[in-house]
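A look at the structure
Read off the chains here:
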Amino acid sequence: MLSIAQNLDRQDALAALRQQFYLPQGTIYLDGNSLGALPVAAKERAVEVVNQQWGQDLITSWNKHAWIDLPLHCGELIAPLIGAAPGQVICCDSISVNLFKVLSAALQMQKGRSKVITTVDNFPTDIYVIEGLRQQLGEVSCELVLSEESEIETQLDERIAILLLTQVNFRSGRLLDMRRITELAHEKGILVVWDLAHSAGALPVKLDGCNADFAVGCTYKYLNGGPGAPAFIYVAQRHQGEFQQPISGWMGHAAPFSFNSAYAPVPGVKQNLSGTPAVIAMSVLEAALNVWSDVDMLRVRQKSMAMGEFFLECLKACGLDDEFVCVSPDSALERGSQLAFQHQHAYAICQAWIDAGVIADFRAPDLLRVGFTPLYISFEELWQAVNKLKLIMENKEYLRDAYQSIQTVT
Ligand SMILES: *Cc1c(COP(=O)(O)O)cnc(C)c1O
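Parameters and conventions
- Residues numbered from 1 in each chain as written.
- Predicted model: local features only at pLDDT ≥ 70, side-chain atom pairs only at ≥ 80, totals over all residues.
- Heavy atoms only, no water.
- Salt bridge = Lys/Arg side-chain N within 4 Å of Asp/Glu carboxyl O.
- Helix = DSSP H or I, 4+ residues; strand = E, 2+ residues; numbered from the N terminus.
- Buried < 20%, exposed > 50% of the residue type's maximum accessible area, 1.4 Å probe, protein only.
- UniProt positions renumbered as here; feature names shortened; annotations may be inferred.
- Domains from an automatic or database assignment.
- Contact = heavy atoms within 4.5 Å.
- Buried area = accessible area lost by both parts, 1.4 Å probe.
- Pairing = 2+ DSSP bridges.
- Near = heavy atom within 4 Å.
- Polar contact = N/O pair within 3.5 Å; in protein donor to acceptor, adjacent residues only side chain to side chain.
- Areas by Shrake-Rupley, 256 points an atom, 1.4 Å probe, with all protein chains shown as cover.

Under the definition given, this model contains 18 salt bridges. Arg45 serves as the salt-bridge partner of Glu286, at 2.6 Å between the closest nitrogen and oxygen. Separated by 241 residues along the polypeptide, Glu286 in helix H8 (residues 279-290) and Arg45 in helix H2 (residues 40-54) bring together distant segments of the chain. Put simply, Arg180 and Asp177 hold a salt bridge, and the shortest N to O gap is 3.5 Å. The exposure class assigned to Asp177 is partly exposed, which follows from its relative accessible area of 36%.

In structure tokens:
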């Protein structure tokens, strides 16, 4: 397996990109699906924005260093990665807040319909935000419907206002068919909101090509924007006239510096801005997004699929495939850029693996999740990681007391 891995690494057209990232010596990082690694350019930008822009140029930086344009500019850098033509993506807030905005606006656009449907195993924040809206608007205006992922298509009917789906399931990694589902929903007059948390930077997304209505996503996972980096929101051009989000703050005003007491939204996707953007975070994000300028998403997808397959082969070669039950789809075409394995001791195994220099993560109740980030992970590392796992299992290291207590963040 080692020589196969080394061969794959030699043929890897993305291998050189690793130099654009800091990765700690002796660590194999299989959790870039939760927090992307630090790009060299992002670190340099953080120093510059603090020392020079904030430290020296102070408030003049809003114009001098175009801080005011960062949300739209970062949106334009993300747009090609998710198949969006210019003028439809902006960076702001978190996915949760952006979901609140987009769901509120979409409900307003769907007069006479109140149901918002999503999957029971969606990322909880997506469900919580619908719950919050229901609390606020009342059941008559906003009704939450939860469906099994496998049954979602049969649940779509004319009473549903909005379908909210995460394209790649955060646990299983199952990849939904955006084109087909969007089309089915549109046939019933349903607006679709796609959560791209595990898609953006992981695989090619074609929002315009699939005739998508709205999307949200985060930038701290595969886009490497840094912990808590601002999220993004996509509003299809054709909806921008009618779309009106409820957190009508001054940054989304047509003329924020006229300080007019009457709110008048700026036309277009910019209306999604509410308050002052997190300039330091967004500057760092901009530098991180520049890493993608010459990256072909099809190559990323090819390598990501090859990594998933190779990881499974490594498990088999080490005799671990029976013990770790893969709950992700069998076919790489139906997966995002991660694999999840069920194991009774998943949490403790993950802790022992981290101690051995391999960072993956645990998702309650019993999943070990492994993420593949093609920009900076090699096939040889995957082979080494599985070998370390083999030792942990052989020596039953996961039974040690130190690995049993569950920390706040898993
Ligand atoms: C990571 C993730 C989020 C995170 O939401 P924030 O509000 O940005 O913290 C939301 N949805 C999904 C599917 C995720 O995986």
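Having seen the structure, we can now continue with the description.
With that settled, consider the UniProt feature "modified residue: N6-(pyridoxal phosphate)lysine" (unreviewed entry) in the protein chain. UniProt's entry tags Lys221 with the feature "modified residue: N6-(pyridoxal phosphate)lysine" (unreviewed entry), counted in the numbering of this structure. The residue Lys221 is located in the loop between strand E9 (214-217) and strand E10 (232-235) in this model. A residue is classified by how much of its surface remains accessible, and Lys221, at 8% relative accessible area, is buried.

Bringing the domain arrangement of the protein chain into the picture now. Entries for the protein chain in the domain assignment read domain 1 (2-30 + 296-403) and domain 2 (47-292). If you average the C-alpha positions of domain 1 and of domain 2, the two centres end up 30 Å apart. Taken together, the contact between domain 1 and domain 2 spans 26 residues of the former and 18 residues of the latter. Contact between domain 1 and domain 2 buries roughly 1,700 Å² in total, counting both sides, with carbon and sulfur atoms accounting for 62%. Where domain 1 packs against domain 2, one counts 1 salt bridge. For the salt bridge of Arg174 with Glu334, the shortest nitrogen-to-oxygen distance reads 3.9 Å. Here the element with the most residues in the side of domain 1 that touches domain 2 is helix H9 (residues 297-317); it accounts for 5 residues.

Another point: the pairing of E9. On E9, burial covers both faces: Phe214 and Val216 on one face and Ala215 and Gly217 on the other are all buried. Taken together, the 3 bridges between strand E8 (residues 191-195) and E9 define a ladder with parallel strand orientation. The partner of Trp194 across the bridge, within E9, is Ala215. Judged from the 4 bridges that link them, E9 and E10 form a sheet pairing that is antiparallel.

In this section: the site of the ligand. Every residue lining the ligand is accounted for by Ser94, Ile95, Ser96, Phe123, Thr125, Asp126, Thr166, Asp195, Ala197, His198, Tyr220 and Lys221. One of the side-chain N or O atoms of Asp126 is found 3.2 Å from a nitrogen atom in the ligand. In the environment of the ligand, a nitrogen atom lies 2.8 Å from a nitrogen or oxygen atom belonging to the side chain of Asp195. Burial of the ligand by the surrounding chains reaches 88%, relative to a free accessible area of 390 Å².

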